[in-house]
Amino acid sequence: MNTWVYVDHFKGNALPSSWEAIGVGKSLGQVTALVFGSSVETLATTAFEHGADEVLLAEDASLEDYRAEAFATTLENLASKQMPDLLLFPTTTRGRELAAMAAIDLKTGVMVDVTALEVVGDKVTITRPIYGGKLLTRETCSSKPLIITLRGRAFPKPMQQAGRSGKLTRVAAATGDFPTRVEGYTTSGSGVSLADAGMIVSGGRGVSNNPAFTPPPGLDEKQVEVWRGQQGFVLVRDLASALGAAVGASRAAVDAGYIPYVHQVGQTGKVVSPDVYIAVGISGAIQHLAGMRTSKVIVAINKDPEAPIFRLARFGVVGDLFQIIPALTTALKKKMGK
Amino acid sequence: MKIVVCVKQVPDSTAKVVVEQGRIIWGDAPLVINPWDEYAMEAALQQREALSGTVTAVTIGDESARETLRRALAMGADDAILISDPGLVNLDTQATAQVLAAVIRKIGAVDMAFFGRQAIDGDAGLVPAQTARLLGWPALTLASVIKVEGGSVHVERGIEEGRQIVTAKLPAVFSMTKDFGEPRYPSFMGIRKASRVEIPAWSLAGVGIAAPVSVITWPEIINPPSREITCEYITGSNPDEIAEALAAKILAEKVL
C-alpha cells in the first residue's frame, strides 16, 4: 500500500503523533511524508529518520502559518497528480481539519481518531471510540483514497534512526488567494499537552474542600469557592510538575471555575490515554471515566470509598487528599533525586 | 447579518450508553441538543445582538428532532428548519456536509454558519470544515473569540499550542468550543415563543439535491472491553507512609 503521512507541526516542532503515523504507514508499505511550511527542511530529515521513504516538501512563505485552505489546496494539488492508496493524519486540530477537507477535495470519506486498524489485502477496517469512549465502532470506507486520522498514543512511535535518509522531492505550495490571515498566537503556557502526555494528574471538585484554608476577606460565596478550587489545583500542579505530567481536570472543576477549559478530560473535553493517570478528588462521573478509561494505570485518591473512580483504579488511596498529595509530591521528588 | 446554526440531537452526556443486541441504547436518558451546539447557538445569538439580523437553526433528523430545534428557538433563534427525508439515514460526515452546504445555499445570502466543534455521539468533528470546503468559505474552527468588523471577522482558534489569531472575510463557517463562554438558558418567554413557532420540514427535493452517497459504513458497534479491575488500596498509619508506598508503586509503573 502506498501511504502518504501528513507531518503536523507548529513552527517546525512536530507533534509526536505524526511519527506514530509514519510507523503505521511503514507497517503497510512505502511511506511518503508530507512536510508543508516555511524553513522546515529539518523536519524532512526527521521524517526520514522515523521511517519515511520519500518526503514531499512544500516550502513557501505562504505556508509559514497553518491556514486550512492554503494547506488543503497544496495537498489536493499533489494528490490529483499522484493519488496515494492511503492518507494518514495525526488526530490533531490541524490534522483533523485537513483530513476533513481532503475528503471533500478527493471525493472520499474520513475514518477519524482511529485507535486500531486491521488490513486484509486492500480492505481496511478500523476501530475508533465514539460517545466519548463509551462505545467502539468498526468502520470501513468504500471509496479511494482511504483517509484515516490516528489518535495520538494509540500506535507505537518508531525508533528514530540517526542518519537514515530518503528521497527528498520539493513540491509547489498552492497559489491563489486564501483570504484567511494569521495575525499571531497566544501560547497557553499550560505545560505538557494532554493528548501527548505520558502522565496526567487530574483534579476534581474535591480539591476545593480544604478546611485548613482561610480565604482572603471581601470575597462573595462564589468567589470563595473559586479561590478554594484554585488553591486545591496548586497541589495538583505541584504533583504534576514533580512527575513532568500534564494537568487535567474534571468537568465539575472546570465548570466551577477552578481551572481553564483546556484542561478538561472527558466526553466534552479531551479524551486521553496516558501510561499513568492520577485522579485527585475526582469521584468519576460517567463522562469523565469514558474520557480516561484507556489509561494504562489509573491511580485514585478520594475520601469517598464508594467513588466510581476506584472501579477503574489499579491503585487507590481512601483519604484526605490535602494530606496525601503534598506528601506524595515530596516522596516522589525524593525518590527521583530532585 | 444572516446567521445559520447547524445543530444535532444526541443522547444526554450523562447517559450510560451501551450496545445491546447490536443496537445502541441509552436507557431513559433524554435526547438533547448536542452540548457543543449550545455554544454555537450562544455565539450566533451574540452576533445577532451585536450586529442585528436573524438566527436560523437547522437540523437533519426525523420528527423527534423538532425538540432540539425547539430548544434552539427557546434560546432565541428566530426560526428553524427540519431537514427530513427517508434518504437521510446513516449519513457519514461528507454526506451530512453535502446536505448542510446545500441547505445553507438554499437559505441564501447567509453571512455566518455556526456549528459545535463536534457531536458527542459520533465524535468526528469533521462536518464544519467539510461544509466550509463545499461552500468555498473560510473554515474558522475551534473558535473561542469572534468579532465582526465590517465584512471581516477576527477569530481566536484553539490549537494544541494555545490560540491562533486570524482574520478572514465573511461569509464564513465557525465551529465553537466551550472557551467561548457559557450558553444561556432558555427564558420562560423564550420557551413559550418556541412552542408557537411553525417549523417547516424540507425534504431532499425541497433542498433541491439528490440523496447524498455515504462511503463510510459501520458494520459493528461494540461495548469497550471491561476495565473493571481489582483496586489495590494503599494504606498506612500516616499520610507520609501512604505517600511513600504510593510513590514507589507509581515509579514502578513508569521509568521517568
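Numbers given to residues run from 1 along each chain, matching the order in which its sequence is written. Chain labels run from A onward and ligand labels from 1 onward, assigned in the order the entries are written. This being a predicted model, a pLDDT of at least 70 is required before a residue's local features are given, and a value of 80 or more before pairs of side-chain atoms are given or counted; all residues contribute to the totals for chains, interfaces and linings.

**Concerning the overall build of chain B**
To keep things clear, this is the line we draw: Strands are runs of DSSP state E lasting at least 2 residues, helices are runs of H or I lasting at least 4, and numbering of each runs from the N terminus. Any residue pair is listed as a contact if its two C-beta atoms, each placed from the backbone, are within 7 Å.
A count of helices and strands for chain B gives 7 helices and 15 strands. Along the longest, intermediate and shortest principal axes, the C-alpha atoms of chain B span 70 × 45 × 40 Å. A sequence separation of at least 24 residues applies to 67% of the contacts in chain B between residues at least 6 apart.

**Topic: the interface of chain B and chain A**
Condition: Polar here means any residue outside two lists: the nonpolar Ala, Val, Leu, Ile, Met, Phe, Trp, Tyr, Cys and Pro, and the charged Asp, Glu, Lys and Arg; Gly therefore counts as polar. Should DSSP find at least two bridges between two strands, the strands are regarded as paired.
Every contact between the two is made by 69 residues of chain B and, on the other side, 77 residues of chain A. When residues in the side of chain B that touches chain A are grouped by element, the largest group, 11 residues, is from helix α7 (residues 239-253) of chain B. Classifying every residue of the side of chain B that touches chain A gives 35 nonpolar, 14 polar and 20 charged. When strand β13 (residues 181-187) of chain A meets strand β11 (residues 162-169) of chain B, the two strands line up antiparallel, connected through 6 bridges. Within β11(B), the residue paired with A:Thr187 across the bridge is B:Gly162.

**Overview of the sheet that holds strand β6 (residues 86-90) of chain A**
Residue and element names in this part refer to chain A. What counts here: In this analysis an axis means a line fitted to C-alpha atoms, helices contributing only their contacting stretch, and an angle means the value between N-to-C directions, from 0 to 180 degrees.
Sheet architecture is open: 7 strands sit in the order β7-β11-β6-β1-β4-β5-β12, paired in parallel fashion. Of all the strands in the sheet, just β7 (110-114) and β12 (167-171) have a single pairing partner and so form its edges. Each strand of the sheet is rotated relative to its neighbour by a mean of 20 degrees, with strand direction disregarded. Bridging between strand β1 (residues 3-6) and strand β4 (residues 31-37) involves 4 bridges; their strand directions are parallel. Bridge pairing in β4 links Trp 4 to Thr 32. Against the sheet, helix α1 (residues 17-26) touches β1, β4, β6 and β11 (146-150), its axis set at about 155 degrees to β6. The sheet contacts of helix α2 (residues 41-49) involve β4, β5 (54-59) and β12, and relative to β5 the element is tilted by about 165 degrees.

**What about the environment of B:Val55?**
Residue and element names in this part refer to chain B. Test applied: Counting other C-beta atoms within 10 Å of a residue's C-beta gives its exposure: the residue is buried at 20 or more, exposed at 12 or fewer, and partly exposed in between, where C-beta atoms are placed from the backbone.
Positionally, Val 55 belongs in strand β6 (residues 54-60). In this structure Val 55 comes out as buried when scored by C-beta crowding, with 25 C-beta atoms within 10 Å. C-alpha separation for the pair Val 55 and Gly 76, spaced 21 residues apart in sequence, amounts to 8.0 Å. Excluding anything up to four places from it in sequence, Val 55 contacts Ile 3, Val 5, Ala 44, Leu 45, Arg 48, Gly 76, Ala 77 and Asp 78.

**Quick look at the domain arrangement of chain A**
Residue and element names in this part refer to chain A. We apply this condition: Each domain's limits were defined by an automated method or a database of domain assignments.
Per the domain assignment, the segments of chain A are domain 1 (3-171) and domain 2 (194-335). Each of domain 1 and domain 2 has a C-alpha centre, and these two points are 34 Å apart. Taken together, the contact between domain 1 and domain 2 spans 9 residues of the former and 11 residues of the latter. When the residues that make up the side of domain 1 that touches domain 2 are grouped by side-chain class, the tally is 3 nonpolar, 4 polar and 2 charged.

**Examining the packing of helix α2 (residues 66-75) of chain B against helix α5 (residues 188-196) of chain B**
Residues and elements named next belong to chain B. Let me state the cut-off plainly: Comment on the angle field: the value is read as roughly parallel under 35 degrees, roughly antiparallel over 145, roughly perpendicular from 65 to 115, and oblique elsewhere. Each helix crossing is assigned a hand: it is left-handed if the near helix lies turned anticlockwise from the far helix by less than a right angle, otherwise right-handed if that turn is clockwise.
Close contact between α2 and α5 brings their axes to 7 Å; oriented N to C, the two are set at 135 degrees. In terms of orientation, α2 and α5 fall into the oblique class. Here α2 and α5 pass one another in a crossing that is right-handed. Seen from α2, the contacting residues are Arg 70, Leu 73, Ala 74 and Met 75; seen from α5, they are Gly 190, Ile 191, Lys 193, Ala 194 and Ser 195. When the residues that make up the contact of α2 with α5 are grouped by side-chain class, the tally is 5 nonpolar, 2 polar and 2 charged.

**Details of the pairing of strand β14 (residues 199-203) of chain A**
All names here are of chain A. Here is the rule: Handedness of a crossover: with both strands directed away from the viewer, a clockwise path from the first strand across the helix to the second marks it as right-handed.
Across the 5 residues of β14, 5 count as buried, placing the element largely inside the fold. Inspection of the sheet shows β14 paired to strand β16 (residues 276-280) by 5 bridges, in the parallel sense. Along β16, the bridge assignment pairs Ile 200 with Tyr 277. By the bridge criterion, 4 bridges tie β14 to strand β15 (residues 246-249) in an arrangement that is parallel. Across the sheet, the residue bridging to Val 201 is Val 247, located in β15. In terms of handedness, the path from β14 via helix α5 (residues 221-243) over to β15 forms a crossover that is right-handed.

**Comments concerning helix α1 (residues 35-51) of chain B**
All names here are of chain B. Note the cut-off: Any helix carries an expected span of 1.5 Å times its number of residues minus one.
For α1, which comprises 17 residues, the first-to-last C-alpha distance of 25 Å matches the rise-based estimate of 24 Å (1.5 Å per residue) to within 8%. What α1 keeps buried is the set Trp 36, Asp 37, Glu 38, Tyr 39, Ala 40, Met 41, Glu 42, Ala 43, Ala 44, Leu 45 and Gln 47. Ser 52 sits one or two positions beyond α1 and adopts a positive phi of about 60 degrees.

**Comments concerning α2(A)**
Residue and element names in this part refer to chain A. Listed as buried for α2 are Leu 43, Ala 44, Thr 46, Ala 47 and Phe 48. Its buried side turned inward, α2 meets β2 (9-10), β3 (13-14), α1, β4, β5 and β12. Directly beyond the C-terminal end of α2, a positive phi value near 120 degrees is found at Gly 51.

**Quick notes on the sheet that holds strand β10 (residues 135-141) of chain A**
A sheet is described by the order of its strands in space; here 4 strands give the open sequence β8(A)-β9(A)-β10(A)-β14(B), paired in antiparallel fashion. Looking at strand neighbours, the two that pair on one side only are β8 (116-120) of chain A together with β14 (216-222) of chain B, the edges of this open sheet. Neighbouring strand axes in the sheet, compared pairwise and without regard to direction, differ in orientation by 25 degrees on average. Across 5 bridges, β8(A) lies against strand β9 (residues 123-130) of chain A in antiparallel orientation. In the strand pairing of β9(A), A:Glu118 is matched with A:Thr125.

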